[in-house]
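Report on the structure
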Amino acid sequence: MPTLLPRLSPLTQALAVATLAMASWASAQDFPVVAPGQAKPVGPEPPPLIAAPAGSQATAELITPFQLLDRFVLPGSRQALQWRPPDGLGRGELPSPIIVVHGAKPGPVLCLIAGIHGDELNGIEVARRLGQEVDATRLNGTLIVAPIVNVFGYTRISRYLPDRRDLNRSFPGTRAGSIASRMAHGFFNDIVRRCDALVDFHTGSFQRSNLPQIRADLTNPEVLEFTRGMGKTLVLHSPGTRGMLRVAAVATGIPAVTFEVGAPQFLELEHIEPAIETIRVLMHRMDMFEAKGHDESAQDPVPIYFDSRWVRTNASGLLFSEVSLGQQVRLGHRLGHVIDPVTNTRTDIVAPFAGQVLGMALNQQVLAGYAAFHMGKLTSEQQAVLEAAEAANAAEVVDEDPSERPMGEPDNPDERE
Ligand SMILES: [Zn+2]
């Protein structure tokens, strides 16, 4: 993926030393280091601004320790760092964990960010596991994992910051702004600017669950290219909202996407494990692993939705869903119903168009106007494929109740990342 090649500055390249270091035998702050078996240079250290000549016979790759948060992480090692917001904002709070896995060979810097909303646990677990499982000695490039950016929210089981602001509406932030804006500014400068590409994990919000899906501005060629590495995970085109991390990152030239995984406040292994697999596939596509099989899905077409709508309830009461996440439905398919427990009346919610259920509310009490089902809209081509598949399965019974017209809003005011 040429666009994701590491942006090594000339200075960094000049500082490159021939080394293949193992964390077990050298302090993390040692720099430069020499791998076992290599002759130690005799005499004074060479001037630091002279790189090994191109095509030299050095057996190891040219790679430097990775510097982040005033620490050096040696090639081929993993290190746990801590990030704190600026200006003493996090005083008294747990620090935010940062895991750096610095590969033994050069490659891109991929950042996995989670917990910007403190109650969105699935992404925290996805990022945590990947930060622990990736083998630094087999990695090309660097993985930066920030599993719990909003420690304030995490410890309080809250989406928000103490000032009730949304951190994911505050990027890139300002030095003298609100609490959220200062935190965003610090994190953006300390971590995000070091990334060559970025995935920001989220979940549905407020009692809603999302099918694992990438949200990305597909009008940006570099972002589009990045999403092509996501294997079978569906991609939803979404320009995003001002202040979102992915929007701010893309504005500074870093391809970035949001990865929606399930519902907040729960740990859903059925979503967590496929999301981890998606990132493994992505890292293969970015040539971050030694080429060893695994990439079976390389030729899978990525399902992409360019249009999606929220379907709202027209009645207040108790919402019961009749579809499942990921289900393909036809026009008029009954998505669920709302029972008014006072009058015992029932109002059906039906699909306003053919598509796939990308997100949905959990069964709960709702008011009229509540966004209950998020549907990806099929293009005519996608619909033809679906109808052919349905025709081949004539036994399938499709519930239809077109007596009530659902309200399809033209935009997604309740869609949150
Ligand atoms: Zn979120």
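Definitions and cut-offs
- Residues numbered from 1 in each chain as written.
- Predicted model: local features only at pLDDT ≥ 70, side-chain atom pairs only at ≥ 80, totals over all residues.
- Helix = DSSP H or I, 4+ residues; strand = E, 2+ residues; numbered from the N terminus.
- Buried ≥ 20, exposed ≤ 12 C-beta atoms within 10 Å, placed from the backbone.
- Contact = placed C-beta atoms within 7 Å.
- pLDDT = per-residue confidence, 0-100.
- Pairing = 2+ DSSP bridges.
- Axes fitted to C-alpha atoms, helices over the stretch in contact; angles between N-to-C directions.
- Core = buried A, V, L, I, M, F, W, Y, C linked by C-beta atoms within 7 Å.
- Domains from an automatic or database assignment.
- Expected span 1.5 Å × (residues − 1).
- Right-handed = clockwise from strand over helix to strand, strands pointing away.
- Parallel < 35°, antiparallel > 145°, perpendicular 65-115°, else oblique.
- Left-handed = near helix turned anticlockwise from the far one by under 90°.
- Nonpolar A, V, L, I, M, F, W, Y, C, P; charged D, E, K, R; others polar.

Each helix and strand in the chain was counted, giving eight helices and 20 strands. Out of the 417 residues in the chain, the part that is buried amounts to 45%. For the chain, contacts bridging at least 24 residues in sequence account for 69% of all contacts bridging at least 6.

Bringing the environment of L358 into the picture now. Inspection of the secondary structure assignment puts L358 in strand β17 (residues 355-361). Setting aside anything within four residues of it in sequence, one finds L358 in contact with N210, L211, Q213, L236, S308, H374, M375 and G376.

Moving on, we get to the confidence of the model for the chain. For the chain, the average pLDDT comes to 80, and 73% of its residues sit at 70 or higher. Low confidence marks residues 1-60, where pLDDT is under 50. Its contacts with residues over four positions away, or in another chain, come to 78 contacts. Confidence drops under a pLDDT of 50 for residues 393-415, and excluding neighbours within four residues, the segment shows 36 contacts in the predicted structure.

A word on the sheet that holds strand β18 (residues 364-366). A sheet is described by the order of its strands in space; here four strands give the open sequence β16-β15-β13-β18, paired in antiparallel fashion. Strand pairing shows two members of the sheet lacking a second neighbour, β16 (345-350) and β18, which therefore form its edges. Sheet twist, expressed as the average angle between the axes of neighbouring strands with direction ignored, equals 35°. Sheet topology note: the strand β15 (residues 334-340)/β16 ladder contains six bridges and is antiparallel. Its bridge partner lying in β16, H337 is registered against D348.

Attention shifts here to the nonpolar core. Nonpolar side chains in soluble globular proteins tend to be buried together. In terms of nonpolar packing, the biggest core is built from 99 residues, with L110, C111, L112, I113, I144, L198 and A372 touching the most fellow members. When residues in this core are grouped by element, the largest group, six residues, is from helix α7 (residues 269-285). Each of domain 1 (63-299) and domain 2 (310-408) gives at least three residues to this core. Each residue touching L112, except ones within four places of it in the same chain, is listed here: A127, L130, L143, V145, V199 and I279.

The element strand β12 (residues 308-312) is extensively covered by neighbouring structure, given that four of its five residues are classed as buried. Pairing analysis gives five bridges linking β12 to strand β19 (residues 371-377), with the strands arranged antiparallel. Following the sheet pairing, V311 is matched in β19 by F373.

With that settled, the discussion passes to α7. Compared with the 24 Å implied by 1.5 Å per residue over 17 residues, the 24 Å span of α7 between its first and last C-alpha is a close match. Those residues of α7 that sit buried are H271, I272, A275, T278, I279, V281, L282, M283, H284 and R285. Buried positions along α7 lie against β5 (105-113), α2 (121-133), β7 (197-202), β8 (208-216) and β10 (256-262). Where α7 terminates, the next one or two residues include D287, which has phi positive at roughly 60°.

The next subject is the environment of H271. Residue placement: H271 occurs in helix α7. Along the backbone, H271 and N122 are 149 residues apart, and their C-alpha atoms lie at a distance of 7.6 Å. When near neighbours in sequence (up to four residues on either side) are disregarded, H271 contacts N122, P212, V261 and G262.

We now examine the pairing of β5. Of all the nine residues making up β5, seven are buried; the element is thus mostly covered by neighbouring parts of the structure. Two strands pair when backbone bridges link them, and β5 and strand β6 (residues 140-146) are joined in this way by six bridges, in the parallel orientation. From the neighbouring strand, I113 faces β6, where its bridge partner is A146. In this region the chain leaves β5, passes through α2 and returns to the parallel neighbour β6; the handedness of that crossover is right-handed.

Okay, the packing of α2 against α7 next. With their axes 9 Å apart at the nearest point, α2 and α7 run at an angle of 45° to one another. By the criterion of interaxial angle, the relationship of α2 to α7 is oblique. In the packing of α2 onto α7, the handedness of the crossing is right-handed. When α2 is examined against α7, the residues N122, E125, V126, R129 and L130 are found in contact with a partner set consisting of H271, I272, A275, I276 and I279. Along the lines of polarity and charge, the residues of the contact of α2 with α7 split into six nonpolar, two polar and two charged.

What follows is about the environment of I144. As for its position among the elements, I144 is in strand β6. With 45 residues separating them in the primary sequence, I144 and I99 have C-alpha atoms 5.9 Å apart. For I144, the residues in contact, after removing those within four places along its chain, are L68, I98, V100, V109, C111, I191, R194 and C195.

Our next topic: α2. Over its 13 residues, α2 extends 18 Å from the first C-alpha to the last, a length consistent with the 18 Å expected when each residue adds 1.5 Å. Against β4 (96-102), β5, β6, β7, β10 and α7 lie the buried residues of α2.

Turning to unusual backbone geometry, a few remarks are in order. A cis amide bond, omega 5°, links F171 with the succeeding residue P172. Relative to the assigned elements, P172 resides in the loop between α3 (151-155) and α4 (179-190). Although it is not a glycine, Q265 adopts a positive phi angle of roughly 70°. Backbone geometry at D287 places phi at a positive 60°, although glycine is not the residue there.

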